[in-house]
Every structure is written in C-alpha cells, then in structure tokens.
Amino acid sequence: MERNSAACAMQWSIELEKGLRSKKPGRSAEAILQFGQRLQQWSREPEPSSAAHHLFDLIPGEDRLFANAILLRLADTFRLGDDHIRRCVVKVFLSEYRCREKRKGYKGLLSKERVENQSELLTRVKFVFDNGDGNSRALALVIFGCWADFAKDSAHVRYLVLSSFVSSHALEAKAALFAAGCFCEVSDDFPCIVLELLVNLMTSSETSLPIKLAGARVFSKMGYSYSIANRAYKVEFLFSFLSQENTIRVRTTTLRCLCFIFSKGLCHFSVGPNLVQALFSTLDEPALPSNIQCEALWILRKMLLYMLPSLPSNILDLSKLLSIAENASPSLFMSKSLLATRVLVDMSIKFKEHGDLGSGLFCSSPTLSQLISLIINRITLLMKPLFDLGQADVVALKEVNNLLYLLLLMVGEHPELIALVLDQISTFIRNISNMHDIITTTQADILRHEKGMAMRLKVACKLHRFLLTFLENLSEAGTINMVIYDKVKLLVKQICEGNLFDCYTQTIYSLLLHSRVIWHHKLDESEDSCIFDRNSGMLLDNCSVGQELVSFKFAKKVLAENMNWSAYKVGSFSVCQGAWFVATFIFQQLITQVHSESCSCWLKSLFQFACSEAKLTLSLSKKRSSSLVDWLETMEFPLSLLRKDLGEMDLDGADNLNEPNYGKVLLGAYNSTCSSKETLETAFTVGQSFCFQKWFLFLRAKVLRAVVDVLDTLETIPFVSESSSINEEVGKSFMVQCLQRIVQISLRLKRIAEEFDLVGASFIDIDNKSAKIISGLALSCSLVAFITGFTLFVPNLPTASIARCPESSENILRAYLVQNLAGRLWQTDRKTSEKLCQLIDLREQPDKRFCLLSGNQVFNISSEAREVIVLCSHAVSRIACLKIEAAREQSEENITGIIKDGLKLTFEILMKWMEIPFRTPKYFFRLRPSIGSELFAENVSEATNGLHISPGQHLSLSLCLQLKNLPLQSTKLYCMLRCGVSSIEEKEEQCRSGFQAWETDEMVEMNKELFRYVTESESTSDNTMNINKRGCGIDDDREFVNSFVCFKLNERGIGFSRCSLDVSGFPTGSYRIKWHSCCVDNQSNYWSLLPLNAGPVFTIQ
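Keep in mind the model is a prediction, meaning the values are calculated, not measured.

## Describing the overall build of the protein chain
Along the backbone of the protein chain there are 43 helices and 13 strands. Counting the 1101 residues in the protein chain, one finds 55% classified as buried. Considering only contacts in the protein chain between residues 6 or more positions apart, those separated by 24 or more positions represent 76%. If you sum the accessible surface of the protein chain, you get close to 48,400 Å²; carbon and sulfur atoms cover 52% of it.

Laid out in structure tokens, this is it:
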C-alpha cells in the first residue's frame, strides 16, 4: 500500500528544515527545489479521511499542522533569503500553479480552505515587496499570483497588483499582469476591474511590446461571463482587419487571434457574405505564408460546421476549395490540401443532413466523385516521392491516415460511393505497381529500392487496416452485395499476384476474403456456395474454409522466410478472422523458434486454443471428403493433432459422410481449451498477467462443457424415432429427470451470458470491435440458454420440482431466460424481442436487480452476429407455436409429441448454432498489465491487533482502494464488500495457487448489486454514505452481509474510506471478505474493475 502525502508530511518537514539549516553551500536551495515535486503531489491529493488517518497511524489534523509549518518556513526563507533563494522559493510555488486544472474549482494545498495562517504568509511576502528592489517586488507579485485563492481577498494585495501595472520596472509590471491573471481565474469581480485597466494599457503608445504581450495573456484568463463579454470587443471587429487594404502583418496577427478565440470555445455571431469572402480571399493570396492560410482554412471549417444551415449557398466558393485541395503542396507543419479536403468532406456530410441545402452543390454525384478521386490522387502524390527516394516521412504517412479517414466518413454518409471508392483503391494499387516496374528497370541503387519496398509495405498495411474497417462498416449498414464482393476479390487478387508485396502482406489481404463480413453476404445472394481450388483440384463447399486454404499457402511462405514476427501477426489476425487451420499451423511452428520461456508458453497456449477450434471447424465441414484431408496433409498441416478427437469421423475414409459424434468433438475442443488456459495459469502465477485471456478461455470452456452436457443428455433420449413411446422406452420419471437436467444446464448458460457481459464491462481500454464480439458471444449463450429451457415455456409438461427453492420457481426462471435474451435483441430485432415478452406473464417479472445493465453495456451486437439473431427469431417462433399447441390439447399423447418436437428443436438449434463460426476479439492479443484495483483493510479498533473481533461484535474496517494500470478517469470509486456465514477461509495451499476473480461464484451477482447502488447514489447528492444490508442469498442457509463504500481518489488513484459489517450473528471461525469495485468515467459510463487481490480475512474468536 503506497503512502500518501499526508503520511509523509512530518518526514518532508524534517528534511526541509535540515536542508535549510545546512551550512553546506547550495544545500538550502537544493532542499527548497526538492520540495517542489512534493508540493505538486500533495496539492493534487484530497485531504485525508479518517480511514487514511487510521491506516497510516496519523493524528487528525497532523497533516495540516505540518503543511502550514512548511509554508511558513518557506515564506520566512523568502523574506530572509538572498535573490537566489527567493527565486528557488518562487519556482516551487510556480511549478505547483502550472500543474493545476484551471477553472475547475481549486482545492489544492494552497486553497483558501486548507491554508490556516493566511495573513502571516501574506505579511512575510509583503515585507519583501515593501523593502526590496524591482526584482524582489516582481518575485513577490509572482508569489501573490500563485496564492491567488486566498490572496485575492486582501484589499492591500489587490492594490499592490493593480498599481504595479504602470511600474517603470519591466519585470515588476509583467509580474503584476501575471498575478492579475491568476486573480481573474478565481475571482468574479476582479476581471471587470482588470479589463478596463488593460484596455488603456494595451492602447497606450507608451506601453512597450513585452508588456503588451504579457497583457494579452491576461485576456485568456478572464473567463466567459456575460459581464466580461459585454465589455469585450466583438469578433466582427477582428474580421474587419482581414481586408486586403491592411498589411500582411496585421492580417496575419488577426488570423492568429481568431484561431485563439475559436480554440477556446464556440463563438456565436452572425455570419455574412463579407466575413466568409474575407476568409476565402486569404486562401489564394501568395503574399500570405502557407501556415497562415491553413489557419484561415481552419477558421472557415469551424464556422461552416456550426453555421452551415444559416449560410447562403451562393457565398460558398466550392471551386476554390477544390482547386486548393488539388494544387496545394504539402506544408512542413500542416497540410493546406488536407484542410481544404476536410472542409469539403464536412460540407458534404452537413448537406446530407440538411437535404434542402445541397441542391446544385453536393447532391450531384460528379462533385462527390471528384472529391474521392482527389483524395486518392493526393495519397498517390504523397507516396510517390517516398517510394522513389525510399525515405520514411512521418508527416506524409500521418496525412495518408487522415485522408483514408475522410474516405470512411464520406462512404458512411454516401453509401452509393462504395463501388467508386473500391475502384479508386484498385487504381491506386495499379499506380504503385507501375511505379515499382519503373524503378526495377531503371534504378541501379539496390539499397534505395529496398527502402522503397519497405515504404510500400507500410502503405499496404495502412490500406489493409482501412479496408478492414471499411468492410466492417459496410457490413454493419448491410450494404455489402455481390458487386462489392467481386471488387474486393479483384483488389485482393491485385495484391496477391506479382512480386510487388511480400508474403506477409499477401497473407493478411487473402484473409480478408475469409472474413464472415465478406463471404456470408455472398452466400446470402448466391445459391452456389462452392468454390474450386485450382491448386488442389478440389471442390470446396464452404467459401470461408476454401479461402483459408488459399491463405495457408502464403502463411507457409512467411514461415519459410523466417519472418517470425510477421508470422505471429498473421497468426493473431487469423485467430480474429476465424482461420483456425492457419493459426494452428503458425503457432505450432513458432513455439520452437522462441527462446523465452514465457513467450513459448504464450505460443503454446495459442496453439492449443487454435487447435481446439480447428477440430470444430473440420468436424462441421458439410462435405468431409478425403480431398480436404489430403490437401491439409499435402500442405504439412499437423492433422494428427485432430485425429485423436475426430476418430469417429474416419478421416482416412474416402466416402464416409456419416454424422460425426458431436459430443466427442466438443469434448475434445473443451479439453484443448482447458489445456490452453492451464498453460497460461502454470506459466504466469505471479501477479495478474493475462487476465483477459484466462477469463475468456475459462468462459469458452464453460460454454463447450455445457453444450457437451446437453448433447449427452439428449443422446439418452430416443426422440428421433417417430414410433418411439416415452412411456414404454424411456419412462416418464426418467424423462422428467432428463428435462430437469437440461433446464439446470440452461440456467448455467444464462449465467455464462451474464459473465460475458461482465467481461465487456471490466476492461476499460477494450476496443469497440472487441466489445461487439463479446456482446455477440453473450447473445449466443443467451440463445442456447433459452432453447434448452424450452420446457419452462410450454404449459402442462412434466417438469415439476425443477426449482429447488421458492425464489427460483418456474415462473421466475422463465422470466430470467426471457429477460436475458429479449434485452439483447431489443436494439437489433425488436419484433423478436416483443414475441419473447409474450411468452411470459407480466406478473412473472423478476426483481429488477437481476436485469440492470451499465450505461456502456447497451447491447451492441456486431453485424457478424446476424446469424445468431436469425436463429433467435426462428427459435422464438417455434417455441411460441409449441406453447399454443400445448394449450390447445392437453392429452398425454399430445404432450409426448410436444416434448419430442421440443427436443428435436433443441438439437436442431444446437447444430445450427455450432455452424456459426466462433469469433475471438482483437483485445485477446493485448498483453499489457491488467486494469483493476487492490483493496487493503485494517481493523478500526485500536485495542486489537489484526482483523480479530469477539463474537457478537460488528467488524469496523479502514479501507484503502488503489487503482492499478489505469490513468485516472474518475475521481470516485465504489466498492461492495460481502461476507457470508459460508465464507469460511480456504486452506492455505488453496490460497497459494493464485487469485482468479472470475472463478468466484458471486462475482456476477455482486456486480449487479454494486451497479444498482451506484445508480441510486449518483442520483442523490450524498455519495459518501455507507449502506449495510443483510439478507438471504440464493440458498436459504447462506446468510450474508453487504457493505457499499464510496472512495474519493487522489491523483495517484488511491482512495480511503471506512465501512462496517454486521457479523454479530456469525459463529466463531475465520472468514474471507469478498469484494468488487467499479468506477464511473467522465462520460458517465459504468465500468467494473477487476479485483487484483483476494479480500481480507477476519477471525471471530
């Protein structure tokens, strides 16, 4: 547990005093400057709470005592010291001032509320001002400025500051202006006084230029109050200086002032033709520097973004903007062409939003086509010199990124441009190829050629990322069709053929066609889903698998050329795209290429994970002909790894098309996934490494195990035969047992879906695409949970006594399953969601605490989960039909038929569900330390040593919660502590194996309770209250107590608080406190924080 500044105050005070008393030359100045960083840290931390006092054994008020002693000691040193010592003191306070967050309510160590001896401090500094020279008075004024929060209330200090504006000593006048600016930041009335004096000072011919510059800085500190704005000059006044009658210097200064004003906030003022034309006139004036013209473009863009609806269309000179975008040369600091292009793109988007404004301008496709051609030509123009010279230009590459981003914006608003964009990109690839041909025939310098090739690969990778995002966006919008597919296929062919790009680039491009984003749209429009692979001479029934075999050839080349890092990236991308054969082969080969044991274990885990999914892919291939197996063996794929669990498929048989034993295949995949997780756990036992990876594999294994259990149960029921009789062959009691077992598995799957939700809310830095994939996996689990619980929705079925306690009655379980699935479908398929809600009675709604979702967890389903959504619709419709049929006829024969139909439906949905490719989020390959929090606790009672209490007492704790590996995004953290009678401490050997938060049974439920508490607390004014609750858990015999705590964090992410747990009814013994924490970020999103250490243990004796 890190010590805060209050705990270090006494030590810091002693060290400062020793340094100031030292006779060693320079030691005093060194001690003063050393305190500078400590003052900054101390000032950013809130005042310590009683919990912090207890944890660090502090006396209340001790930190204030030492703080004021240090400030008085520094003030005395400033009063008595020489010029060098005084400058050191000023540096200390000035460094603290510069680290403040301006205009957000200063509450630091030098705030009015925390400084006790204000008059004594001011008196010591005023002594230097009254008795010193000009330099001393300047230093004193700077300190007054740094102490503005309490110095502003002194009339004498105010007078000293204002009267020094006209000092003949330049440093004193500039220091007075600095102090005035500081006072303006924290005072309501002082800016109005300063403004009047400042205008006279700035317009006086006797004022020197350095003083005017210092005065100009004060304007930015006056704020935006109405009284100030009413006295200030209008923006139109500045625009009047843009006319060509004024000098270049005046116009340049005017544009810079306007940029500064616009950067501080949006200015609302009327825009006329003259103002816009004044800006347009500066864009093509050769006398103005290029960077100043860029500032004019930036101002123009700001105006157009917020004022376009009110602008007359005849004042927008689009032809000039197009001309600038086409002809401007790149600037060292800012691209004029890029800004002009950005203005045109923004205008096209605005015109699309306001359709009535775009007539004759951007509604016509030639202008939009011209803009797209302009962007691609600009990229070509930027890249050609780099290819020729083989030099890397960071500015040019950054501009290429910006131009590609503009293309994404345009296509998002104008879907009709998709085909044109792909055509233009193909043209760009051809142009690069032509450049390459010229270089290889005329360039003699091989080294330059190799550098040019490296630049092409960088551009190709940027283009690949663009295409990936581009296609995902199109898929989300549902605008991919056969035309788009053919154009993407042609583009990939351009990359993969010839010798322009290396095998790594060819591999990642070929994998684009493997993505479900592309080929599942092709299957939607074409009945012929087979492709013919000329190299292998085989007919493949699955476009995805067939394209993966093409990528396999390129991946082998990457490994053959010893491009190990590139091979790893290909393997990672293959996992994210679901190309499991490629990933399995690459990771197996890379294991022997690394020398680090940790890297070897990571690659081994990836290999085991990819191998488990490859087994499923091979088993689910619709036509498992020997040609597929032969092809894999020809390509040296380690097929022997799959034979162990796919023996039932008879992989060596040429004509065996029997259905495989799916239960055995899934069990083999489950075992491989468990092995992958165990490899990580064995190799990384220290700390919380690979938390996301281990949690993700843990959930994947749980899903596979649940489905295996369902299939094993279904296999015991002969429901396939139409002539079979349940009463005769199975027996009614056995049937009820099987149905009850399936319902229990259904509840497990529903729980896993909620765990996937918690994964998505527990990693703040997760990317949007990965979050969508996690949501899709949760939806997938929720669907399987719903279909396996079908007996709960059909009345009169023999499923009595499924529930084990009153709270988990059939009605409540039914509502849980419906609510869990309907909430996920509400945003994407409202019709199916409404159908789901009709399956239950409104009176069956469970407690609201079981259906809360955080603000950032609004179900965001990826377009690639549309197959799951379609399957959900089919399942809900069929269940609704079974419910109607069961209500119409209640004979035993009819019920038997309904059970058969329901079990067949369950098996049918499971088979279709298995055919949906499993997706792995990109975040899986993010290997940085886990984001989370640590909890430390001590007993409040002074009479006890450690967490020991007597029977019948409450447990009062002082708590410290500390963020780990996360930049501070919120000043508040919330925490829930829970302890139950059954929470007896585990054996020591079990605790030594490492803490895995996701393996605790109550993590999901605790997160729900915590989210409800945070929601209620954020809506009230008092967020510091502690709530203690006692109640019954899921089982009647498991009593527990809860406590909710709010922490206010310092700038290092450490907070302190206190809580009390009512454990007076607990018997003697040792108990571990379970805990869970969360935070609310600046956008009011709720984020769960992963507990990085186990909860504290207390003993009742």
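## Some words on the pairing of strand E3 (residues 932-939)
Every regular strand shows the same layout, with side chains that alternate between the two sheet faces. One ladder, built from eight bridges, connects E3 with strand E5 (residues 955-964); its direction is antiparallel. Looking at the pairing, Ser 933 lines up with Leu 963 of E5. Of the strand pairs in this sheet, E3 and strand E12 (residues 1086-1091) are connected by two bridges, and their pairing is parallel. Within E12, the position partnered with Ser 933 by the bridge is Pro 1091.

## Focus: the pattern of salt bridges
Per the stated rule, a full pass over the model turns up 34 salt bridges. Here Glu 755 ties to Lys 702 by a salt bridge, and the two come within 2.7 Å at their closest N and O atoms. In this pair, Glu 755 sits in helix H36 (residues 732-762) while Lys 702 sits in helix H34 (residues 691-715), placing the two residues 53 residues apart along the sequence. Overall, the relative accessible area of 6% leaves Glu 755 in the buried class. Classification of Lys 702 as partly exposed rests on a relative accessible area of 27%. Where Lys 1008 meets Glu 754, a salt bridge forms, and the shortest distance between an N and an O atom there is 2.9 Å. Pair noted here: Lys 1008 is in helix H43 (residues 1003-1018) and Glu 754 is in helix H36, with a separation of 254 residues, a long-range link. The buried category is assigned to Glu 754, whose relative accessible area is 8%. Among the charged side chains, a network of salt bridges with common partners joins Lys 750, Arg 751, Glu 754, Glu 1005 and Lys 1008.

## Regarding the environment of Glu 561
Take Glu 561: it is sitting in the loop between helix H27 (543-560) and helix H28 (564-577). Look at Glu 561 and you get partly exposed, because its relative accessible area is 49%. In the structure, Glu 561 is positioned 58 residues away from Cys 503 in sequence and 9.0 Å away in space, judged by C-alpha atoms.

## Brief notes about the nonpolar core
Judged by nonpolar contacts, the single largest core of 220 residues is most densely connected at Leu 321, Phe 466, Phe 470, Trp 695 and Phe 756. Ranked by residues supplied to this core, first place goes to H34 with 16 residues. Sequence-distant contacts of Phe 466, that is, excluding residues within four places in its chain, are made with Leu 404, Leu 407, Leu 408, Val 421 and Ile 425. One finds Phe 66, Ile 70, Leu 71 and Cys 182 within the second-largest nonpolar core, a separate group that totals 71 residues.

About the thresholds
Residues numbered from 1 in each chain as written. Predicted model: local features only at pLDDT ≥ 70, side-chain atom pairs only at ≥ 80, totals over all residues. Heavy atoms only, no water. Helix = DSSP H or I, 4+ residues; strand = E, 2+ residues; numbered from the N terminus. Buried < 20%, exposed > 50% of the residue type's maximum accessible area, 1.4 Å probe, protein only. Contact = heavy atoms within 4.5 Å. Areas by Shrake-Rupley, 256 points an atom, 1.4 Å probe, with all protein chains shown as cover. Pairing = 2+ DSSP bridges. Salt bridge = Lys/Arg side-chain N within 4 Å of Asp/Glu carboxyl O. Core = buried A, V, L, I, M, F, W, Y, C linked by side-chain atoms within 4.5 Å.

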